[in-house]
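A look at the structure
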Amino acid sequence: MKRRAPFIFLLIALFPVPAHAHPETGLLPDAIAEMEYQIVLDITPGDIKTRNKLGMVLCRKNKLKEAAGAFGEVLRASPNDFDAHNGMGLVRLKEKKPAEALIWLKKAAAINGEDTQVYGDLGAAYEQTGNLAQAESSYRKGLEVNASLIRRGANKETENAKRTALQAALRNVQAKMKMAKETK
C-alpha cells in the first residue's frame, strides 16, 4: 500500500477532479451562475464580460430591472459594447417594449453585423410591432450571416441550432403575412 500512495497522489495531482463547474460551460443552473458572477464582480467590479453574462442570466430569470442595471453599468464604461446593447434589447423585448428593443438591437447590429442571433432578435422585435415585412427581412439577414459564419469555420453545432430557430421564425412570419394578405 505504501508503494501505491505516491502513485495515487501523482494521479490526483496530474488529473484533478473539478470541484465545481464554471458558469461559462453552460452546465450550471442560472441561480448558481448568478451567484458565481456576483462573486467575480465583487472581486473585479470592472469586469465587463462577466457583468454582461450576469445581465443575461438575470434576463433569463426575468429579473429584468436588475438585468437592465447590469447592462447599463457596462454601457457607462463601454458605450459601444455589443453584448450590452443586445442584452438591453432582449430586456425590452421581454418587457413587451418592441420599439425600445428595436433601438437597442439596431445599435447592436451596427456594432457587430456578424452575429446571427441579433437578427433573430430584431425580427422578433419587428414582429411585436406588427412590421412583418421587416421581421422577414431580419430573419433572412440572420440566415445569410449564419451561412457566412459556417463557411468561415464557426461552431457548426451552435450555428446550426441558430439556423433552425431562424428558419422556424421565418416560416412563422411568412405564414402570418400570408394570412394577413388573405384576409384583405
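Everything that follows concerns the structure shown earlier in this document.
A few points on the structure. Counting restarts for each chain: residues are numbered from 1 in the order of the written sequence. Only residues with pLDDT of 70 or above have their local features reported here, since the model is predicted, and side-chain atom pairs are shown and tallied only from 80 upward, although totals for entire chains, interfaces and linings are computed over all residues. Note: side-chain values were computed over all heavy atoms of the structure, leaving out hydrogens and water.

**Some details on unusual backbone geometry**
A positive phi angle is found at asparagine 62, which is not glycine, with a value near 60°. We count a stretch as a helix when DSSP gives it H or I for four or more residues in a row; a strand needs E for two or more, and each element gets its number in order from the N terminus. Mapped onto the elements, asparagine 62 comes out in the loop between helix 3 (48–60) and helix 4 (64–77). The backbone of lysine 96 sits at a positive phi, close to 60°, despite the residue not being glycine. Residue position: lysine 96 is located in the loop between helix 5 (82–94) and helix 6 (98–111). Throughout, exposure labels follow a simple rule: accessible area from a 1.4 Å probe, protein chains only, divided by the maximum for the residue type, with under 20% read as buried, over 50% as exposed, and the rest as partly exposed. Owing to a relative accessible area of 63%, lysine 96 belongs among the exposed residues under this scheme.

**Description of a nonpolar patch on the surface**
Patch membership is restricted to residues that have no salt bridge and whose relative accessible area is over 30%. Joining uses 9 Å for like charges and 5 Å for the nonpolar side chains Val, Leu, Ile, Met, Phe, Trp and Tyr. Computed with a 1.4 Å probe, the accessible areas rest on the Shrake-Rupley method; for each residue, only the protein chains presented here act as cover. Salt bridge criterion: a side-chain nitrogen from Lys or Arg within 4 Å of a carboxyl oxygen from Asp or Glu. Taken together, the side chains of Ile32, Met35, Ile39 and Ile43 present a nonpolar region at the surface, about 400 Å² in accessible area. Within the secondary structure layout, isoleucine 32 lies in helix 2 (residues 30–43). By relative accessible area, isoleucine 32 is classed as partly exposed at 35%.

**So, the pattern of salt bridges**
Close approach of charged atoms lets side chains of opposite charge pair. Within this structure, the stated rule accounts for 11 salt bridges. A salt bridge links glutamate 114 to arginine 152; its shortest N-O distance comes to 2.9 Å. With glutamate 114 in the loop between helix 6 and helix 7 (116–129) and arginine 152 in the loop between helix 8 (132–151) and helix 9 (156–182), this residue pair connects regions lying 38 residues apart in the sequence. Residue class for glutamate 114 comes out partly exposed when judged on its relative accessible area of 39%. Under the relative-accessibility criterion, arginine 152 is labelled exposed at 54%. Several salt bridges converge on common partners, so that one network encompasses Arg92, Glu95, Lys97 and Glu100.

Honestly, that's just the spatial picture; any functional story needs more than this.
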